[in-house]
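Residues per chain are reported as follows:
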Amino acid sequence: MPAGGFSVSAPAGVEFEAKITPIVIISCIMAATGGLMFGYDVGISGGVTSMDDFLIEFFPTVYRKKHEDKESNYCKYDNQGLQLFTSSLYLAGLTATFFASYTTRNLGRRLTMLIAGVFFIIGVIFNGAAQNLAMLIVGRILLGCGVGFANQAVPLFLSEIAPTRIRGGLNILFQLNVTIGILFANLINYGTSKIHPWGWRLSLSLAGIPALLLTLGALFVTDTPNSLIERGHLEEGKRVLKKIRGTENVDPEFNEIVEASRIAHEVKHPFRNLLLRRNRPQLVIAVLLQIFQQFTGINAIMFYAPVLFNTLGFKSDASLYSAVITGAVNVLSTLVSVYSVDKVGRRLLLLEAGVQMFFSQAIIAVILGIKVTDHSDNLSHGWAIIVVVLVCTFVSSFAWSWGPLGWLIPSETFPLETRSAGQSVTVCVNLLFTFVIAQAFLSMLCHMKYGIFAFFSGWVLIMSVFVLFLLPETKNVPIEEMTERVWKQHWFWKRFVDDDEHTLNGDAEKNGKISNVKHGI
Ligand code: BGC
């Protein structure tokens, strides 16, 4: 997951002295809890909304529709309130991102994580104890605020605390933990659906465990040296740097952080900078990658898999069980990305996945088109298995491509002076389109029926053509050499960087001085 902020590395080829100290290991555990928390929230709502006990309590009309024969198969769950239960989290999350970028900068990463943890805990209490729809939605909104703060601060904290050589890996580790969180949520829903009538309360309350861990973690860890130095605590920053690197010899890294934060303070208008013509390629790519990532349709599956399988005629148990399978495929396939992203490159993974996702969804559309009519009986056992397999081939290709790369590519292409602002925009656009899918999917399913899968496969085609012609390969290119080696060489994007030298402002002139300073993840 993404974040903006400042971290430094040695000039090309030079490594600062750094051991993997206990504090770095604790940071990995933090990443686990932050990522798990987000994943758990993504995965939990779909299973809960397919549970009858939950529907009877909060959505009696949906419950009646679900069990009435006269309602179209595709429309059983079409209810704005039900979708709001899932989507409100993302709306709150994207609003919180703006406040989070202020607190991460001015109060520090640690305090921002603490704020996130507190939001999570209160949100979990509201959800677990919910007596009415309002409490349920307020709980989701509070969890969303937690997501906004945590997703900004945790990856940033990690990228700054980790030695340079494991920073990239930690970036994908966060995404891996998101997928593990989703899988846990699916497993827990599978178990709690058998506990009547309060199993759903347990599902929602168990989010308290990662929430508590994140809060305790934030209480005990130290803030990052970068954040301390950025806020003027130079001595403390140096002391912490020695502690986390496990060595007294930290002067080169310390000096770079001081220089990076000096320059950061001089960049007065990062958001305005982002709009300059020479930053157009990165901005356009970051925004489009987020929109495309969501229009693969992944969250239709992640949020609503149990509901979707139920719609296709699976019994409740089989629906939740199938969601566990897709969740597991998601985790395992993310590992493929960890291993191959720096070997085969970003483009190949995205293009291969494009083909796989296109065919999986197109075939699902055809099968449903023929087999699931408005009032038909359930899919036969054989066809049901084929649909689950196709959903798995779709999820696996997403998990080794658009899932992690949607976040990784923006985080490695923005230049120093716009990286922080660029990452905020990335997070916001992502959460905005996640919200759109969460709020619209069940209604789209009702109106477009099996055509919804054809719709998503059409998008996959568009995004693959975009990757083919307009997304440059960034594998093994040091961040500070992106402009020279990537953008200036690209047949299309070079027009934005080449002819723009004379419009560079004061911020850019400083680029020369900071060419060996990396900013962000
Ligand atoms: C996406 C999420 C999605 C998750 C699924 C992430 O990269 O941003 O929206 O739920 O992958 O694993």
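If you're wondering where the values come from, they're calculated on a predicted model, not measured in any experiment. (Residues numbered from 1 in each chain as written. Predicted model: local features only at pLDDT ≥ 70, side-chain atom pairs only at ≥ 80, totals over all residues. Heavy atoms only, no water.)

1. A few points about the site of the ligand
Surveying the vicinity of the ligand reveals 13 residues, the closest of which are Q175, Q293, Q294, N299 and N330. One of the side-chain N or O atoms of Q175 is found 3.1 Å from an oxygen atom in the ligand. Measuring from an oxygen atom of the ligand, one finds a side-chain N or O atom of N330 at 3.1 Å. Surface burial for the ligand is 99%, taken as the share of its 310 Å² of free accessible area covered by protein chains. For the shell around the ligand, the secondary-structure elements that each account for two or more residues are α7 (167-192), α14 (280-295), α15 (298-311) and α19 (402-413). The dominant element in the shell around the ligand, judged by the number of residues it contributes, is α7, at three residues. Residue composition of the shell around the ligand, grouped by class: five nonpolar, eight polar and no charged. (Near = heavy atom within 4 Å. Polar contact = N/O pair within 3.5 Å; in protein donor to acceptor, adjacent residues only side chain to side chain. Areas by Shrake-Rupley, 256 points an atom, 1.4 Å probe, with all protein chains shown as cover. Helix = DSSP H or I, 4+ residues; strand = E, 2+ residues; numbered from the N terminus. Nonpolar A, V, L, I, M, F, W, Y, C, P; charged D, E, K, R; others polar.)

2. Digging into the state of the cysteines
A complete count under the given rule lists one disulfide for this structure. Disulfide partner of C75: C446, at an S-S distance of 2.0 Å. Since a negative S-S torsion denotes a left-handed disulfide, the C75-C446 link at about 90° is right-handed. Of this pair, C75 sits in the loop between α3 (60-67) and α4 (80-106) while C446 is found in helix α20 (residues 416-448), placing the two residues 371 residues apart along the sequence. (Disulfide = S-S within 2.5 Å.)

3. As for the nonpolar core
When a protein is soluble and globular, its nonpolar side chains tend to lie buried together. Formed by 137 residues in total, the largest nonpolar core has its most connected members in F54, F120, L368, W402 and F441. Take this core: its biggest share by element is 12 residues, from helix α6 (residues 133-161). Residue contacts for F54: discarding those within four places in its chain leaves V48, T49, F59, F85, L136 and W200. One finds L283, A286, F414 and A421 within the second-largest nonpolar core, a separate group that totals five residues. (Core = buried A, V, L, I, M, F, W, Y, C linked by side-chain atoms within 4.5 Å. Buried < 20%, exposed > 50% of the residue type's maximum accessible area, 1.4 Å probe, protein only. Contact = heavy atoms within 4.5 Å.)

4. Notes on the packing of aromatic side chains
Inspection of the entire model under this criterion finds 23 aromatic pairs. Geometrically, the ring pair formed by F54 and F59 is tilted, given 5.9 Å between the ring centres and 45° between the ring planes. In terms of burial, F54 and F59 fall into one category: buried. Aromatic pair Y190 and Y321: ring centres 5.8 Å apart, planes at 45°, arrangement tilted. You can see Y190 sitting in helix α7 and its partner Y321 sitting in helix α16 (residues 316-340), a full 131 residues away along the chain. Its relative accessible area of 46% is what places Y321 among the partly exposed residues. (Phe/Tyr/Trp six-rings, centres within 6.5 Å; stacked < 30°, edge-to-face > 60°.)

5. A short note on the environment of E480
Along the polypeptide, E480 turns up in the loop between α21 (451-470) and α22 (482-485). In sequence terms E480 and I115 are 365 residues apart; their C-alpha atoms lie 33 Å from each other.

6. Overview of unusual backbone geometry
Here the amide bond leading from H196 into P197 is cis, since omega sits at -5°, within 30 degrees of zero. Tracing the sequence through the fold places P197 in the loop between α7 and α8 (199-205). For K449, which is not a glycine, the phi torsion comes out positive at approximately 50°. If you trace the backbone, K449 turns up in the loop between α20 and α21.

7. Examining α15
Y304 marks where α15 bends most, by close to 90°; the proline P306 follows one to four residues later. Along α15, 14 of the 14 residues are buried, which leaves the element largely enclosed by surrounding structure. (Bend = angle between axes of the 7 residues up to and from the residue.)

8. Brief notes about the packing of helix α1 (residues 22-49) against α6
Closest axis-to-axis distance for the α1/α6 pair is 10 Å, and the angle between their directions is 150°. In terms of their interaxial angle, α1 and α6 are classed as roughly antiparallel. Crossing of α1 against α6: the hand is left-handed. Two secondary-structure elements touch here, α1 through V24, S27, C28, M30, A31, M37, F38, D41, I44 and S45 and α6 through R140, L143, V147, N151, V154, F157, L158 and I161. Taken together, the residues that form the contact of α1 with α6 break down as 13 nonpolar, three polar and two charged. (Axes fitted to C-alpha atoms, helices over the stretch in contact; angles between N-to-C directions. Parallel < 35°, antiparallel > 145°, perpendicular 65-115°, else oblique. Left-handed = near helix turned anticlockwise from the far one by under 90°.)

9. Section: the pattern of salt bridges
Under the defined criterion, the tally for this structure stands at 14 salt bridges. Residue D317 pairs with K194 through a salt bridge whose shortest N-O separation is 3.2 Å. Here D317, found in helix α16, pairs with K194, found in the loop between α7 and α8; they are 123 residues apart in sequence, far enough to count as distant. Take K194: its relative accessible area is 48%, and that puts it in the partly exposed class. A salt bridge links R485 to E481; the nearest nitrogen and oxygen atoms lie 2.7 Å apart. Judged by relative accessible area, which is 45%, R485 ranks as partly exposed. (Salt bridge = Lys/Arg side-chain N within 4 Å of Asp/Glu carboxyl O.)

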